[in-house]
Amino acid sequence: NSFVTRTNTCGELRSAHVGQKVTLYGWVQYQRQGLFLVLRDFQGLTQVIIPQDEAHSHLKELLSSAPLESVVRVTGTVSPRPLGQENPKMPTGDIEVKAETAEILNSCKKLPFEIKDFIKKSEALRMQYRYLDLRSPRLQSALRLRSRLVMSMRQYLCNLHGFVDVETPTLFKRTPGGAKEFLVPSREPGKFYSLPQSPQQFKQLLMVGGLDRYFQVARCYRDEGSRPDRQPEFTQIDIEMSFVDQAGIQRLVEGLLQHSWPEERGSIMTPFPSMTYEEALAEYGTDKPDTRFGMKIVDISDVLRGSSVHFVQNALSYPHGSIRAICIPQGVKYLTNKDLESLKESAKSQFNQEIMEIIRKPDGSLKSLLTKFLGEKEKSELIQALNMQEDDVVLLAAGEHKQVCCALGALRLLSANLLEAAGLALRDPTAFHFLWVVDFPLFLPKAENPTELESAHHPFTAPHPSDASLLYSDPTKVRSQHYDLVLNGNEVGGGSIRIHNAEQQRFVLEKVLKEDSEVLSHLIEALELGAPPHGGIALGLDRLISLIVDAPSIRDVIAFPKSFRGRDLMGNAPDYVTPEELEPYHIQVSWPLEEKEAKKN
């Protein structure tokens, strides 16, 4: 209550305050028949008794007629609630304030929706009136937790470990590779700034500049179009260190999260477990495994290798051919035939992967199109390899290793959703399972042209020391010093040890990625002028907070988010500008024909 004219907030009064005269400010949350109202502010609720005697008739009329969500000042005396009228669900439920004077500071007109978490309203409406949605307890709680967590991180990094908080520019130039960047016109004809997708180059240059340890709560920008749970502008905890290795960065991040983790969410254990990219793909079918439940992918190639089944032998004849499966516990009980068909259709449409099902019946026998081609020994080995119990359902896939694993990884998650929807408790919503994924490939084939390579992380990532020589002979086999932090199946951080040798950086850009290194001449020159070995990481703050508070979307932990199409529905941005405003930037808008016609009409 420092610096303000209230004496108390609406959430702090208790029995110890009885007899005190207080002044409260807040919004009218509820009013009942001119007898009392409930006043709300950021901290909680207080019941205010409206006097009924003739001497206070003006006060009664004022408070009784105040529309909901009006802003009110009330001065009165704290009293105990009458016996039997206490409300144990309210922290202030033992007391009430008997109003003596009041003032309506701002009367509220009819609301577009009620300010209550349990009232359903469309996300578009909530975003159009975001300033009203911000009054809800859910958003208030998320934003305050976010603030506390960032402050605690800042204290850990700067006060305990000597990091320097540095703001880096948001007007820069295009970076080769990676996500698309927003362009900002300049007054020089044909020249544009780019909004950085991360402070990557700047933090590396800060290491060349000898700052040793850098940190920033960084705003980042990516022009990714319509993606349901992405934002064109987002926030990351950006970190870089000199003279550090992968293990050092991992220890730092584990300590940072343990130090700043909200007490009400329990404690987290360190060190976090770690697995390689290849292990994650083979066992979970993804590079961001949700390790809160089992149903791992099992390699059954050896079990079926001796069978005469055509599709099995066909799959195993490929260089990277594989037969793998997942076992869905109690699938017969919890999944319908329609569910199983939708799972198979999903694998077909997304991954072009055929799926075969195997059911273990209550008598222990197997039911499948496959089993008539298998001997008793093979059936027994299959049951043992997959640890099949009665009423379990197995989904089997055969084909190229990566395609098979990715398809089964997606079915694993879809099956978990179906099991939970049917009532089987599989993933603990209060559990937080952190995991490091390491040893990623340095390069991946481009989706649009598999004969060309792109960086799996970004072009500044250093090769694994054991694979450094392969960079020049067979770059597709090079592992990187890239590491991701995964929480409950979501990537919440990514980083790497960087290339600090100018020649190696130039080779990666020009020879492997076929990029114009001139765009990065400033960085390459810096690497020639005494660049220390360095590495870092960026933690996605929005994603991390959304997982901590179990929000359905990152938009629920950002004060003023964009819609999934990248629009600000409250301020109606982006918006048109006049030709006169564009003139200094030497830009003219070329309108699509249908929009030209619409503007004419």
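Residues numbered from 1 in each chain as written. Predicted model: local features only at pLDDT ≥ 70, side-chain atom pairs only at ≥ 80, totals over all residues. Heavy atoms only, no water.

A. Seen up close, the layout of surface pockets. For the second largest pocket, the calculated volume is near 610 Å³. When contributions to the lining of the second largest pocket are tallied by element, the ones reaching two or more residues are helix 7 (277-284), helix 13 (401-421) and strand 18 (443-445). Partitioned by chemical class, the residues of the lining of the second largest pocket number 9 nonpolar, 3 polar and 6 charged. Both domain 2 (140-275 + 434-556) and domain 3 (293-422) contribute no fewer than three residues apiece to the lining of the second largest pocket. (1 Å grid on protein atoms, 1.4 Å probe; cavity = no way out; pocket = protein on both sides within 12 Å on 5 of 7 lines; lining within 4 Å. Points joined across faces, edges and corners; volume = space filled by probe spheres on them. Helix = DSSP H or I, 4+ residues; strand = E, 2+ residues; numbered from the N terminus. Nonpolar A, V, L, I, M, F, W, Y, C, P; charged D, E, K, R; others polar. Domains from an automatic or database assignment.)

B. Looking closely at the environment of Ala397. Locating Ala397 in the fold gives a position in strand 16 (residues 393-400). Classification of Ala397 as buried rests on a relative accessible area of 0%. C-alpha separation for the pair Ala397 and Phe311, spaced 86 residues apart in sequence, amounts to 9.9 Å. What Ala397 contacts, discounting residues up to four positions off in sequence, is Ser322, Ile323, Arg324, Gln353, Glu354, Ile355, Val404 and Leu408. (Buried < 20%, exposed > 50% of the residue type's maximum accessible area, 1.4 Å probe, protein only. Contact = heavy atoms within 4.5 Å.)

C. Here's a closer look at the domain arrangement of the chain. We note that the domain assignment places domain 1 (15-106), domain 2 (140-275 + 434-556) and domain 3 (293-422) within the chain. Each of domain 1 and domain 2 was reduced to a C-alpha centroid, and the two centroids are 51 Å apart.

D. Summary view of the packing of aromatic side chains. Within this structure, the stated rule accounts for 10 aromatic pairs. With a centroid separation of 5.5 Å and 50° between ring planes, the pair formed by Tyr576 and Trp591 is classed as tilted. With Tyr576 in the loop between helix 17 (541-548) and helix 18 (579-582) and Trp591 in the loop between helix 18 and helix 19 (593-600), this residue pair connects regions lying 15 residues apart in the sequence. Relative accessible area serves as the criterion here: at 58%, Tyr576 is assigned to the exposed category. Grouping aromatic residues by their ring pairs yields a cluster made of Trp261, Phe272, Phe432 and Phe434. One Lys or Arg, Arg412, reaches over the ring of Phe293 and ends 3.8 Å from the middle of that ring. (Phe/Tyr/Trp six-rings, centres within 6.5 Å; stacked < 30°, edge-to-face > 60°. Lys NZ or Arg CZ within 6 Å of the ring centre and 35° of its normal.)

E. The arrangement of the pairing of strand 17 (residues 434-438) in detail. Burial analysis of strand 17 places 5 of its 5 residues in the buried class, the great majority of the element. Side chains Phe434, Trp436 and Val438 project from strand 17 onto one buried face, and the interleaved Leu435 and Val437 project onto a second face that is buried too.

F. How the structure looks around the environment of Ala124. With respect to the helices and strands, the residue Ala124 is situated in helix 2 (residues 123-128). The exposure class of Ala124 is partly exposed, given its relative accessible area of 43%. In this structure the C-alpha to C-alpha distance between Ala124 and Met570, which are 446 residues apart in sequence, comes to 9.3 Å.

G. Layout of the sheet that holds strand 16. Strand order in the open sheet formed by 5 strands is 12-13-16-14-15, and the pairing between neighbours is antiparallel. In this open sheet, the two edge strands, each paired with only one partner strand, are strand 12 (298-299) and strand 15 (366-367). Note that strand 13 (residues 321-328) and strand 16 share 8 bridges and pair antiparallel. Note on strand 16: the bridge partner recorded for Ile326 is Leu395. (Pairing = 2+ DSSP bridges.)

H. Region of the structure containing the pattern of salt bridges. The tally for this structure, following the rule as stated, stands at 38 salt bridges. Glu381 is paired through a salt bridge with Lys377; the nearest N and O atoms lie 2.8 Å apart. Of the two residues, Glu381 and Lys377 both sit in helix 12 (residues 376-386), 4 residues apart, roughly one turn of that helix. Classification of Glu381 as partly exposed rests on a relative accessible area of 28%. A network of salt bridges, in which partner residues are shared, links Arg126, Arg130, Asp133, Arg138 and Asp556. (Salt bridge = Lys/Arg side-chain N within 4 Å of Asp/Glu carboxyl O.)

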